[in-house]
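Structure at a glance
Now for the letters of each chain:
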Amino acid sequence: MPPVFAHGRLRLYLLKLLDEAPRHGYEVIRLLEERFQGLYAPSAGTVYPRLAKLEAEGLVTYATEGGRKVYSITETGRAELADRGGELADLELEIRDSVSELAAEIRDDVRGAAGDLRREMRAAASATATQVDDESWKAAKEELRKAKQEWKEQARRAKDESRRAREEAQQARRQAKEAQERAREEVQRIAAQLQEQFAKPGGVLGSLAGAWLGGGTAANAPAGSPSAPGPSGAGWAEDLAPTADPARDLDRLLDRFRDDVRDAARDHGVTPAQLAEARAHLAAAAARIEAGLRPGA
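Rules used in this analysis
- Residues numbered from 1 in each chain as written.
- Predicted model: local features only at pLDDT ≥ 70, side-chain atom pairs only at ≥ 80, totals over all residues.
- Heavy atoms only, no water.
- Helix = DSSP H or I, 4+ residues; strand = E, 2+ residues; numbered from the N terminus.
- Buried < 20%, exposed > 50% of the residue type's maximum accessible area, 1.4 Å probe, protein only.
- Contact = heavy atoms within 4.5 Å.
- pLDDT = per-residue confidence, 0-100.
- Core = buried A, V, L, I, M, F, W, Y, C linked by side-chain atoms within 4.5 Å.
- 1 Å grid on protein atoms, 1.4 Å probe; cavity = no way out; pocket = protein on both sides within 12 Å on 5 of 7 lines; lining within 4 Å.
- Points joined across faces, edges and corners; volume = space filled by probe spheres on them.
- Nonpolar A, V, L, I, M, F, W, Y, C, P; charged D, E, K, R; others polar.
- Axes fitted to C-alpha atoms, helices over the stretch in contact; angles between N-to-C directions.
- Parallel < 35°, antiparallel > 145°, perpendicular 65-115°, else oblique.
- Pairing = 2+ DSSP bridges.
- Phe/Tyr/Trp six-rings, centres within 6.5 Å; stacked < 30°, edge-to-face > 60°.
- Lys NZ or Arg CZ within 6 Å of the ring centre and 35° of its normal.
- Salt bridge = Lys/Arg side-chain N within 4 Å of Asp/Glu carboxyl O.

Let's talk about the overall build of the protein chain
Summing up its helical and strand segments, the protein chain has 9 helices and 3 strands in all. Start at the N end of the protein chain and walk to the C end: the helices and strands fall as α-β-α-α-β-β-α-α-α-α-α-α. Classification of the 297 residues of the protein chain by burial places 30% in the buried group. Restricting the contact set of the protein chain to residue pairs at least 6 apart, pairs at least 24 apart contribute 61%.

A word on the side chain of Glu-80
The topology assignment puts Glu-80 in helix H4 (residues 75–83). Overall, Glu-80 belongs to the buried group, its relative accessible area being 19%. Those residues in contact with Glu-80 that sit more than four places away from it in its chain are Arg-11, Leu-15 and Leu-59.

So, the confidence of the model for the protein chain
Confidence in the prediction for the protein chain averages 77 pLDDT; 72% of positions are at 70 or higher. Confidence drops under a pLDDT of 50 for residues 211–232, and excluding neighbours within four residues, the segment shows 44 contacts in the predicted structure.

Considerations on the nonpolar core
Ranked by internal contacts, the top residues of the largest apolar core, which has 23 residues, are Leu-14, Leu-15, Leu-18 and Val-28. Those elements that provide at least two residues to this core are helix H1 (9–20), helix H2 (25–35), helix H3 (44–56), strand S3 (68–73) and helix H5 (85–127). If we skip the residues at most four places from it in the chain, Val-28 touches Leu-14, Leu-17, Leu-18, Arg-23 and Val-47.

Some remarks on the layout of surface pockets
Here the largest pocket defines a volume of roughly 450 Å³. Elements supplying a minimum of two residues to the lining of the largest pocket: H1, H4, H5 and helix H6 (134–199). Here the lining of the largest pocket takes 6 residues from H6, the largest share from any one element. Broken down by class, the residue content of the lining of the largest pocket amounts to 7 nonpolar, 3 polar and 6 charged.

Brief notes about the packing of H1 against H3
Interaxial distance between H1 and H3 falls to 10 Å at its minimum, and their mutual angle equals 75°. In terms of axis orientation, H1 runs roughly perpendicular to H3. Between H1 and H3, the residues in contact are Leu-10, Arg-11, Leu-14, Leu-15 and Leu-18 and Thr-46, Val-47, Arg-50, Leu-51 and Leu-54, respectively. In terms of residue class, the contact of H1 with H3 is made up of 7 nonpolar, 1 polar and 2 charged.

Quick notes on the pairing of strand S2 (residues 60–65)
Two elements, S2 and S3, share 6 bridges in a ladder whose sense is antiparallel. When the bridges of S3 are listed, Glu-65 appears paired with Arg-68. Counted along the chain from S2 to the antiparallel partner S3, the turn is 2 residues long, and its residue Gly-66 has a positive phi close to 60°.

Focus on the packing of aromatic side chains
Counted by the stated rule, this structure contains 1 aromatic pair. Measuring from centroid to centroid gives 5.8 Å for Tyr-62 and Tyr-71, while their planes differ by 55°, and the two rings are tilted. Classification of Tyr-62 by relative accessible area gives partly exposed; the value is 34%. Taking the ring centre of Tyr-62 as reference, the NZ or CZ of Lys-69 above it sits at 4.5 Å.

Some words on the pattern of salt bridges
Proximity of charged atoms lets side chains of opposite charge pair with each other. This structure, assessed with the given rule, holds 26 salt bridges. When the shortest N-O distance is used, the salt bridge between Glu-153 and Arg-156 registers 2.4 Å. Remark: Arg-156 and Glu-153 occur in helix H6; sequence separation between them is 3 residues, near one turn of the helix. The closest approach of N and O atoms between Arg-258 and Asp-259, which form a salt bridge, is 3.5 Å. Judged by relative accessible area, Asp-259 falls into the partly exposed class, the value being 31%. Linked through salt bridges whose partners overlap, the residues forming this network are Lys-16, Glu-20, Arg-23, Glu-27, Arg-30, Glu-34 and Arg-35.

Written out as structure tokens, the structure is:
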């Protein structure tokens, strides 16, 4: 018999079945047998230890109903199933191939058995032609017809299951790809919004800075920010010793100012009123600083 599940794949398929609905162990075995159209059914010694391991890993949980354990998938199990969406699609294709291989093996067995039956019937007819009556011959032919019909029915079921597995695998691939695209677009959108708000002059960071450039007193700071220091506040940035390069010193002061504003915004939050006031302070402070840096000022 060709292998049905590669190493670790039965574990993944058990998560898929429990994601569909809570089930007890015997129901899982029966569902697997149905998925394979009766061509394969795992033993209890194969399924129950894997369910116990999934429960130990926190991927499934169970409740006792009528003396039996009914297993359900956990959020952790659903997360792993989502992360392995592509692998699950490949597994569906592998199941289709396994069904086809099992069907081919059964077909070969049926053909071989039918051939042996015909040879035995011919040998028996040749050896005891005078003793075999018409009814026995008809019965033998009927058995052969039934055997052929059974093989055809099994082959048809295997073909239908193979087609269904292929369609489900293709759908799973499409869904996984769409989910990845949506997640990527959402992350890019949020990143762009944050970058725009924190980078543009009228953004959140620039607006909040006005509260410190407006005079450096606690009265001009955002509500809930005790004694927020500004550039003119006593002792502000005293640890930044001046160098021989005033332009570099100005860059260091601006960096310190930006860090202080960002920390205050993160610690205390911002209201719409504070945002409007900060914007006005920032505009006035920028004008004063720019005027002070002009030649002859």
